[in-house]
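As a plain string of letters, each chain reads:
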Amino acid sequence: MPYFTLPDLGEGLQEAEVVEWLVKEGDTVKVDDLLLSVETAKAIVDIPAPRDGTVATLFVHNGDLIHTGEPLLAFEGEEGSGSQSVVGKLQSQEDTDNPDHFVVGAVGGTPAVQTTPAIRSLASHLGVKLEQLRGSGPGGTITIEDVQQQASLKQSHGDSTPLKGVARSMAKAMASAGQQVVPVSLFDQVSVSHWPADTDITLRLIRAIVAGCRVEPAVNAWFDGDRLSMRIVEKVDLGIAVDTPDGLFVPVLRDVANREPDDLRDGLNHLRKDVEQRKIPAKELQGATLSLSNFGTLGGRFATPVVVPPQVAIIGAGKRFTQPGIKDGELFEDVQLPISLTFDHRALNGGQAARFLAALLADLAD
Amino acid sequence: MFSSTPYALHRRLPALEGGHADWPRLIQAYQAMATIRCFDKKAVNLQRTGQLGTYASCLGAEAITVGAGLALQDSDYFVPYYRDHATQHLRGVPLYQILQYWGGDERGNAFPADTAAARDLPNCVPIASQLTQAAGIATKAKLRHEPAAVLATCGDGATSRGDFYESLNVAGVWQLPLVLMVNNNQWAISVPGQLQTASKTLAHKAEAAGIEGIRVDGNDLPAMLDVLDYALDKARHGKGATLVEAVSYRLSDHTTADDASRYRKASDLHAAWQREPVARLRQALVDAGHWDAEQEKDWQAHCQQEVDKAVKTYLDQPPQSPTDMFDYLYANLPVSLEKQRAALTESAGGHHA
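Computed from a predicted structure; not experimentally measured.

## Points about the interface of chain B and chain A
Thinking step 1. The partner chain A presents 22 residues to the 17 residues of chain B that form the contact.
Thinking step 2. Looking at the side of chain B that touches chain A, the elements with two or more residues in it are α1 (23–48) and α11 (293–316) of chain B.
Thinking step 3. In the side of chain B that touches chain A, the residues fall into 4 nonpolar, 10 polar and 3 charged.

## Some remarks on the sheet that holds strand β3 (residues 28–29) of chain A
Thinking step 1. Reading across the sheet, the 4 strands line up as β1-β8-β6-β3 (chain A) and stay open at both edges, with antiparallel pairing between neighbours. Every other strand in the sheet has two partners, leaving β1 (3–5) and β3 of chain A as the edge strands with one partner each.

## Let's talk about the sheet that holds strand β4 (residues 34–39) of chain A
All names here are of chain A.
Thinking step 1. With antiparallel pairing, the 4 strands of this open sheet are ordered in space as β5-β4-β2-β7. A strand with exactly one partner marks an edge of an open sheet, and here the two such strands are β5 (44–48) and β7 (65–67). Within the sheet, the average angular offset between the axes of one strand and its neighbour, ignoring direction, is 40 degrees.

## Some remarks on the pairing of strand β2 (residues 15–21) of chain A
Residues and elements named next belong to chain A.
Thinking step 1. Here β2 runs beside β7; their pairing, made up of 3 bridges, is antiparallel. Looking at β7, one finds that A16 is bridged to I66.
Thinking step 2. The sheet contact formed by β2 and β4 spans 4 bridges and is antiparallel. In the strand pairing of β4, E17 is matched with E39.

## Things to note about the packing of helix α4 (residues 95–102) of chain B against α11(B)
Residue and element names in this part refer to chain B.
Thinking step 1. Remark: α4 packs on α11, axes separated minimally by 8 Å, with the N-to-C direction vectors making an angle of 50 degrees. Our classification of the angle between α4 and α11 gives oblique. When you trace α4 past α11, the crossing you get is right-handed. Between α4 and α11, the contacting residues are L95, Y96, L99 and Q100 on the first element and E306, V307, A310, V311, T313 and Y314 on the second.
Thinking step 2. Its residues placed into classes, the contact of α4 with α11 shows 7 nonpolar, 2 polar and 1 charged.

## Here's the deal with the environment of Q323(A)
Residue and element names in this part refer to chain A.
Thinking step 1. Tracing the sequence through the fold places Q323 in strand β18 (residues 321–327).
Thinking step 2. A count of 10 C-beta atoms within 10 Å places Q323 in the exposed class.
Thinking step 3. As for Q323 and Q336, which are separated by 13 residues in sequence, their C-alpha atoms are 7.3 Å apart.
Thinking step 4. Excluding residues that lie within four positions of it along the chain, Q323 makes contacts with D334 and Q336.

## Quick look at helix α6 (residues 350–365) of chain A
Residues and elements named next belong to chain A.
Thinking step 1. Across its 16 residues, α6 extends 22 Å between first and last C-alpha, which sits within 8% of the 22 Å expected from 1.5 Å per residue.
Thinking step 2. Turning to α6, its buried residues are A353, F356, L357, A359, L360, L361 and L364.
Thinking step 3. Turning to α6, the residues buried within the fold contact β9 (183–191), α4 (201–215) and β19 (330–344).

## Some details on the confidence of the model for chain B
Low-pLDDT portions of the prediction should not be read for the details of their coordinates.
Thinking step 1. When pLDDT is averaged along chain B, the result is 93, and 95% of the positions lie at 70 or above.
Thinking step 2. Overall fold confidence for the complex sits at a pTM of 0.61, while the interface term, ipTM, reaches 0.76.

## Description of the confidence of the model for chain A
Residues and elements named next belong to chain A.
Thinking step 1. Per-residue pLDDT for chain A has a mean of 85; in total, 91% of the residues score no lower than 70.
Thinking step 2. Predicted confidence in chain A is weakest over helix α1 (residues 117–126), with a mean pLDDT of 81, and strongest over strand β17 (residues 313–317), with 97.
Thinking step 3. Between residues 81–110, whose pLDDT stays under 50, and residues either more than four places distant or in other chains, the model counts 61 contacts.

## Structural notes on the pairing of β17(A)
Along any regular strand the residues' side chains alternate between the sheet's two faces.
Residues and elements named next belong to chain A.
Thinking step 1. For β17, the buried fraction is high: 5 of the 5 residues fall into the buried class.
Thinking step 2. Judged by which residues are buried, β17 turns out to be covered on both faces: A313, I315 and A317 on one side and I314 and G316 on the other are all buried.
Thinking step 3. In terms of strand pairing, strand β16 (residues 290–293) meets β17 through 3 bridges, oriented parallel. For L292, the partnering residue across the bridge sits in β17 and is I315.

## Quick notes on the packing of α4(A) against helix α5 (residues 261–276) of chain A
Residue and element names in this part refer to chain A.
Thinking step 1. Relative orientation of the contacting elements α4 and α5 amounts to 115 degrees, with a least axis distance of 10 Å. Relative to α5, the crossing made by α4 is right-handed. Facing α4, whose interface residues are T202, L203 and I206, α5 presents P261, L264, R265 and L268.
Thinking step 2. For the contact of α4 with α5, the per-class residue count stands at 5 nonpolar, 1 polar and 1 charged.

## A few points about the nonpolar core
Residues and elements named next belong to chain B.
Thinking step 1. Residues V150, L151, L178 and V179 are the most contacted members of the largest nonpolar core, which totals 95 residues.
Thinking step 2. For this core, the leading source of residues is α1, giving 12 residues.
Thinking step 3. Other than its neighbours up to four places away in sequence, V150 contacts D76, Y77, V79, A134, I137, A138, A141, P177 and L178.

## A short note on α11(B)
Residue and element names in this part refer to chain B.
Thinking step 1. Its 24 residues place the ends of α11 35 Å apart at the C-alpha level, agreeing with the 34 Å of an ideal helix rising 1.5 Å per residue.
Thinking step 2. Among the residues making up α11, those that are buried are C303, V307, A310, V311 and Y314.
Thinking step 3. Those residues of α11 that are buried are in contact with α1 and α4.

About the cut-offs
Sequence positions are assigned chain by chain, starting from 1 and proceeding in written order. The order in which chains are written sets their letters, starting at A; the order in which ligands are written sets their numbers, starting at 1. A pLDDT threshold of at least 70 governs which residues receive local features in this predicted model, and a stricter bar of 80 or more applies before side-chain atom pairs are shown or counted, although totals over entire chains, interfaces and linings include all residues. Whether two residues are in contact is decided by their C-beta atoms, placed from the backbone, lying within 7 Å. Numbered from the N terminus, helices here are DSSP runs of H or I no shorter than four residues, and strands are runs of E no shorter than two. Here the nonpolar group is Ala, Val, Leu, Ile, Met, Phe, Trp, Tyr, Cys and Pro; Asp, Glu, Lys and Arg are the charged ones; every other residue, Gly included, is treated as polar. Note on pairing: two strands pair once DSSP finds at least 2 bridges between them. Between N-to-C directions, angles span 0 to 180 degrees; the directions come from axes that are lines fitted to C-alpha atoms, helices contributing only their stretch in contact. In what follows, roughly perpendicular refers to angles from 65 to 115 degrees, roughly parallel to angles under 35, roughly antiparallel to angles over 145, and oblique to any angle outside these ranges. Two helices crossing with the near one rotated counterclockwise from the far one by less than a right angle form a left-handed crossing, whereas a clockwise rotation gives a right-handed crossing. Think of it as a crowd count around each C-beta: if 20 or more other C-beta atoms lie within 10 Å the residue is buried, if 12 or fewer it is exposed, and in between it is partly exposed, with C-beta placed from the backbone throughout. Working rule for helices: expected span equals 1.5 Å times residues minus one. For every residue, the predictor assigns a confidence score, pLDDT, that lies between 0 and 100. In this usage, the nonpolar core is the set of buried Ala, Val, Leu, Ile, Met, Phe, Trp, Tyr and Cys residues whose C-beta atoms join them within 7 Å.

What follows is the structure, given as structure tokens:
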């Protein structure tokens, strides 16, 4: 059925209250006949019919609040029989599957450069890129001093390079996470000398994370810091950090609690291959409920990895190392796996985190 | 002709005394006024149904905007504000392009090259800034000895702006071929005339600039033609600038984003409707035997057809290209904007183009 949705009646007014319907379901109307009156923050407005037709359904009633873009009514007939070919209306369109925009967590927009034409001209003359400057003037506007300082810096130390693509997305996502999250990290280590030589470490870590989630489900969750609400998620969709020459990717391995090891290994290999070939669709990088950074394959023991909202925790696995162990009074060469856990203290408390970590370590020691 | 009784309101209707009226021209004027009223109503409805952006109605200004369109010659220049739809149409802008402009489509400003509109400026939404530009065009016309007049329009609110006084001042001191017409419709959005100025009339403001000021009944089409014919002819012949105050009443809201019932009395509006320009001219034509009910019916049907056709053409246009915002702004794009244009082309990709 062709729908008629509430248009933007003022200049950017997002909602209106239905004052009175002048038609009812079953009525036949002609184009420009009055349908209803609504009240916005600015005005009471009469809305006419955009076309001839018979009113099939009214979706709102007198006194209801309605937002722009929500349906007011449906006409009888086929979809696409010409409700409105909207020309003057701006509709927000979500950026769909654009593989060049990897976004981890919530990222704000880039504010426009604010300065005067004269300063733009000076910057252009001196080869200074304004978008790389932080304005020191009122409201963050860029001043002549800002431009001159940057120009002399450029002369003595060379130009700086703006981040692009994945690196840029990461910088934004991490900055955003850093502003929101209240991070606390726990460190521990566990003996893994009993592991067979061909142990698939990543799969072993995944198994242990699932074991931790069984004991403390709240670690596998999404937290909304604006509304201070928490959603514990049943399915564990694990974000796995992958280092590439282009930068950091975190593809998501789905439902890791209910899949066989072989299946998981296949999935991992696929994700890794897609990432390396830069073919991974954006949706495969979204929706993680918990993350794992297995940085130990490269180096480093302990870390404080960054929790990316809305997730509430991230596990870091460091490089294994040997240390003297004692068993039955005998010294032996023990292999230790260092584990780090960072959690968002807004969403979890220390007890929950510690119980999760203990269960995870117990599984690794098993 | 008008300076003998300074600032007295010039009127012709309903008597059209003297009997030397140019009836074909008045009939043409009436037809244009009826057309634009029909268009205006449809434009508001398009906005109300999400098919047009914010729109400024010309309801109650029909005699002013049509009078201007008929008094201008092809060699003149027109510098509008934003309630001059009929003038633009009479200068050669098709109705669908007027809709395009108010629909946020830059292509609406690409006036047809073979019409007088091609020398005109597009709508000006900032208040009074167009008047300084008009003074500039008039200066150019004078320096080049063009036998042309420049007509610039504004509302009563614009007369409080510095741009208004600056333009008036140079028009006087440089003897510019400029006619500056104020549509005094009594309301600057919600600010009524008595809060706008302590000046006795807006036409009095000509005094300080040393130019002629004329007040005219803006609901009286023949009177509008008298005054504009006179003032434009004077300008074309190098006899100086004129400030015209056309007194009307804004029968609509300020724009579709306004609700005038919140700040003005229904009784005032009702009284203003008794003086509205379209019915007055029609009555004068009917009384003189130059218009009848049959012609009226046919013409109204014709107007509706023309407007429906314009709406269809407007709605059938393919979407505009995002780069139009650059391409319709400059004849030659500055280097810095060329970069922005290239960036936009790149980021728009196949997504929005």
